[in-house]
Amino acid sequence: MLNRRETLRAALALAGTAGIGARCTAQTTAVSGYRPADVLRGPAGMAVSNSAAASSAGRDILAAGGNAVDAAVAVAFALAVTWPEAGNIGGGGFMMIAPPEQDPVCVDYRETAPQAVTATTLAEQTDRRHPRMVGVPGTVRGLALAQQSHGRLSWQAVLQPAIALAAGGCVVEAPLADSLNAVLAAVSKSTAPWHRPLEQTFGHPQRRRWRAGDRLVQPVLAATLQRIAEEGPDEFYSGQTARSLADYFEQHQGLITAEDLEGYQAVLRQPIRTNFAGHQVWAAPPPSSGGVALRLALQMIEHVGMPDPGDAAWTPMTVHIVAEAMRRTFRERAAYLGDPDFTPLPAWLGRRAHAAKLAESISRSRATDSRTLAGDIPLETGPVESPQTTHFSVIDAEGMAVSNTYTLEASWGSWLLDPATGFVLNNEMGDFNPVPGVTDLKGQIGTAPNQLAPGKRMLSSQTPTIVRRDGKTVLITGSPGGRTIINTVLCVLVQHLLFARPLPEAIAAPRFHHGWLPDQLRIETGGQSRLGELRGRLESLGHRVVETRGQGAAHSIAIEPASGIRVGVADGRRGGRVAATLIG
Ligand code: DON
């Protein structure tokens, strides 16, 4: 007998032959790279995330009459159960919401610094997984704000799939098995007593390695989610969960208090918008650097003009131009961006004249030395940033779109978990500039806008993005990857909007990252062991090339303007799955 998923798949495959929708393979004939984990064409609602169970939770909420925001909130809570290395209720993020016929808005649920910090708290903190590295979590308030402002189902209904997955257990998918085994091996080497509860919560009950197909049951998390469902988001910020967290931090040298939790607010903000290749690109505003950086890089690329790459995913010249735009963008990011409630965003930073002025120093025959762009940022020498985050995309039958990126900062965050609440806590404080005034060649930034202060939001690179053409949503995208997130989204937009590649090809195409400092161009090998000729051509232009394995996981949805057909693509770099409804 077919289960529900197989039935749906079979139905979609049949529908596909009738021209309604179908699972299909990536068309990667012209573009080498990373084959998507999943591609699905469908006529109505769709959710794409890192976890099959979470995508299905979104699909089920759509099928039950929820809109894209209801489904996104369900996916977010479900990922906190099924993808706990980054899906979370102990972290924060950004949700872009695009209702049909209305401009997109962004829910900022970025973590904040506790009131007890001083400017030097981070400079004195060498252990990145210490209780002091935890920012006040924003996820529950953010999801509640999204749902109250744009959802139509009840709060209890959208939490239900996550509660069921935590209480009844979720099937461990291969990426989760790998992730669990990796974190348990790493945590076993930590001598810190506060890292033991992670082993107790996530260790295999038979003390063996996790395997795909095992079942992960999280009864404590289920109880926490149940309380949040019954009592509302305030339960997390002033109820039993808040009291437990405040006690936990007091006992473990942390800084977060009951007052910090009670005072946390998510904020609705206006996204950053720019025009690119005949499209309108909308992305997360400060305190994420994502939207501002993406706008600046796209404006520079348009100003310089890109040669046609022909059948190649990228040519040396197209990589060079984009990398030079990235380099200049990240210098501006370091100089001007931080929490807008502390450092207002300069209006001129968004003007095309500013992008044009920056782009004028781009040479087609020579890479720029990053040090020459420092300007009034003094440079020294000294450490760098680490992964993990997760992105998902949702659309409903009416065309409401959601692009959500949220994170614990590092993979499995701080490795800290209050055993009475059952969820992993972030280590987002590491996104503040750690040492005031110290900007070094390795990429540590010390500029003023992102220095630590009580109640402040740390600068993010999360770039959930929604693209429209003639007022209609045509692309929902975003990615994990720390500072590389911005450049992953940039590569996807150049591939899909400028080079007009179908979404599966745009996602498969190799990606690259230049972050100003360190002065190096990190390029994916595209699933091959070595980069080949491209490396030599870029080195001859003066780039310091570093080969990398996989940049980001851009789980995305494209909407074909003429037919309205949705094409969901789960990026193959870290697994993932598309789930779709047949009708609204
Ligand atoms: O908000 C940020 O920019 C970072 N905390 C994101 C970290 C991240 O993406 C790690 N991912 N793979």
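Residues numbered from 1 in each chain as written. Predicted model: local features only at pLDDT ≥ 70, side-chain atom pairs only at ≥ 80, totals over all residues. Heavy atoms only, no water.

## Describing the overall build of the protein
Stage number 1. The secondary structure content of the protein amounts to 17 helices and 24 strands.
Stage number 2. Here the C-alpha atoms of the protein give a radius of gyration of 22 Å, agreeing with the 25 Å that 2.2 N^0.38 yields for 584 residues.
Stage number 3. With the C-alpha coordinates aligned to their principal axes, the bounding extent of the protein is approximately 65 × 60 × 45 Å.
Stage number 4. Taken over 584 residues, the protein has a buried fraction of 63%.
Stage number 5. Within the protein, the 52 negative side-chain charges are centred at a point lying 5 Å from the centre of the 54 positive side-chain charges. (Helix = DSSP H or I, 4+ residues; strand = E, 2+ residues; numbered from the N terminus. Rg over C-alpha atoms; globule rule 2.2 N^0.38 Å. Buried < 20%, exposed > 50% of the residue type's maximum accessible area, 1.4 Å probe, protein only. Lys, Arg positive; Asp, Glu negative; His and termini not counted. Charge placed at Lys NZ, Arg CZ, Asp CG, Glu CD.)

## Here's the deal with the environment of A401
Stage number 1. Mapped onto the fold, A401 is located in strand β13 (residues 401-407).
Stage number 2. Along the backbone, A401 and R577 are 176 residues apart, and their C-alpha atoms lie at a distance of 18 Å.
Stage number 3. Residues contacting A401, with those up to four places away along its chain left out, are A68, M96, I97, A98, V394, I395, I466, T473 and I476. (Contact = heavy atoms within 4.5 Å.)

## Considering the sheet that holds strand β20 (residues 521-524)
Stage number 1. Ordered in space as β19-β20-β21, the three strands form an open sheet in which the pairing is mixed. This sheet does not close on itself; its edge strands, each paired only once, are β19 (512-513) and β21 (545-548).
Stage number 2. As defined by bridge partners, β19 adjoins β20 across two bridges and the pair is classed as antiparallel. Bridge pairing in β20 links F512 to I523.
Stage number 3. Running at roughly 155° to β21, helix α17 (residues 533-540) makes contact with β20 and β21 of the sheet. (Pairing = 2+ DSSP bridges. Axes fitted to C-alpha atoms, helices over the stretch in contact; angles between N-to-C directions.)

## A few points about the packing of aromatic side chains
Centre distance and the angle of the planes are the two values used to describe a pair of aromatic rings.
Stage number 1. Using the criterion set out here, one finds 10 aromatic pairs in the structure.
Stage number 2. Consider the rings of Y248 and F249, whose centres lie 5.4 Å apart with planes at 80°: the pair is edge-to-face.
Stage number 3. For F249, a relative accessible area of 1% gives the class buried.
Stage number 4. Within the aromatic cluster, the residues linked to one another by ring pairs are F236, Y237, Y264 and F423. (Phe/Tyr/Trp six-rings, centres within 6.5 Å; stacked < 30°, edge-to-face > 60°.)

## Regarding the site of the ligand
Stage number 1. Taken together, 17 residues form the shell around the ligand, and within it T389, E409, E428, D431 and G482 come nearest.
Stage number 2. A distance of 2.9 Å separates an oxygen atom of the ligand from a polar atom in the side chain of R110.
Stage number 3. At a separation of 2.7 Å, an oxygen atom of the ligand approaches a polar side-chain atom of S460.
Stage number 4. Coverage of the ligand by the protein chains reaches 100% of its 350 Å² of free accessible surface.
Stage number 5. Of the residues in the shell around the ligand, the class split is three nonpolar, nine polar and five charged.
Stage number 6. Residues from two domains meet in the shell around the ligand; each of domain 1 (4-42 + 270-384 + 461-580) and domain 2 (64-267 + 399-428) gives at least three. (Near = heavy atom within 4 Å. Polar contact = N/O pair within 3.5 Å; in protein donor to acceptor, adjacent residues only side chain to side chain. Areas by Shrake-Rupley, 256 points an atom, 1.4 Å probe, with all protein chains shown as cover. Nonpolar A, V, L, I, M, F, W, Y, C, P; charged D, E, K, R; others polar. Domains from an automatic or database assignment.)

## So, the domain arrangement of the protein
Stage number 1. Domain annotation of the protein identifies domain 1 (4-42 + 270-384 + 461-580) and domain 2 (64-267 + 399-428).
Stage number 2. The C-alpha centroid of domain 2 is placed 27 Å from the C-alpha centroid of domain 1.
Stage number 3. Listed by partner, the interface residues are 20 residues for domain 1 and 25 residues for domain 2.
Stage number 4. Here domain 1 packs against domain 2, burying approximately 1,600 Å² in sum over the two surfaces, 63% of which is carbon and sulfur.
Stage number 5. Among the residues domain 1 hides against domain 2, the three largest losses belong to Q462, P464 and R468. Together they make up 33% of the total.
Stage number 6. Counting the contacts that link domain 1 with domain 2 gives zero salt bridges.
Stage number 7. Linking domain 1 to domain 2 there are five residue pairs in polar contact (both at pLDDT 80 or more).
Stage number 8. Of all the secondary structure elements, the ones that give two or more residues to the side of domain 1 that touches domain 2 are β10 (279-283), β17 (465-469) and β18 (472-477). (Buried area = accessible area lost by both parts, 1.4 Å probe. Salt bridge = Lys/Arg side-chain N within 4 Å of Asp/Glu carboxyl O.)

## Here we look at the pattern of salt bridges
Stage number 1. Per the stated rule, a full pass over the model turns up 30 salt bridges.
Stage number 2. A salt bridge links D519 to R327, with the shortest nitrogen-to-oxygen separation between them at 2.7 Å.
Stage number 3. Residue D519 is classed as buried on the basis of its relative accessible area, which comes to 16%.
Stage number 4. Classification of R327 by relative accessible area gives buried; the value is 1%.

## Here's the deal with the nonpolar core
A general tendency of soluble globular proteins is for nonpolar side chains to be buried together.
Stage number 1. By size, the foremost hydrophobic cluster in this structure holds 80 residues, and its most contacted members are F77, I89, M95, W155 and L225.
Stage number 2. Among the elements that make up this core, the one with the highest residue count is helix α3 (residues 68-82) (13 residues).
Stage number 3. Among residues more than four places away in sequence, those in contact with L225 are F77, V81, I89, L159, A162, I163 and A166.
Stage number 4. Formed by 49 residues, the second largest nonpolar core is a distinct cluster that contains L298, M306, M326 and I362. (Core = buried A, V, L, I, M, F, W, Y, C linked by side-chain atoms within 4.5 Å.)

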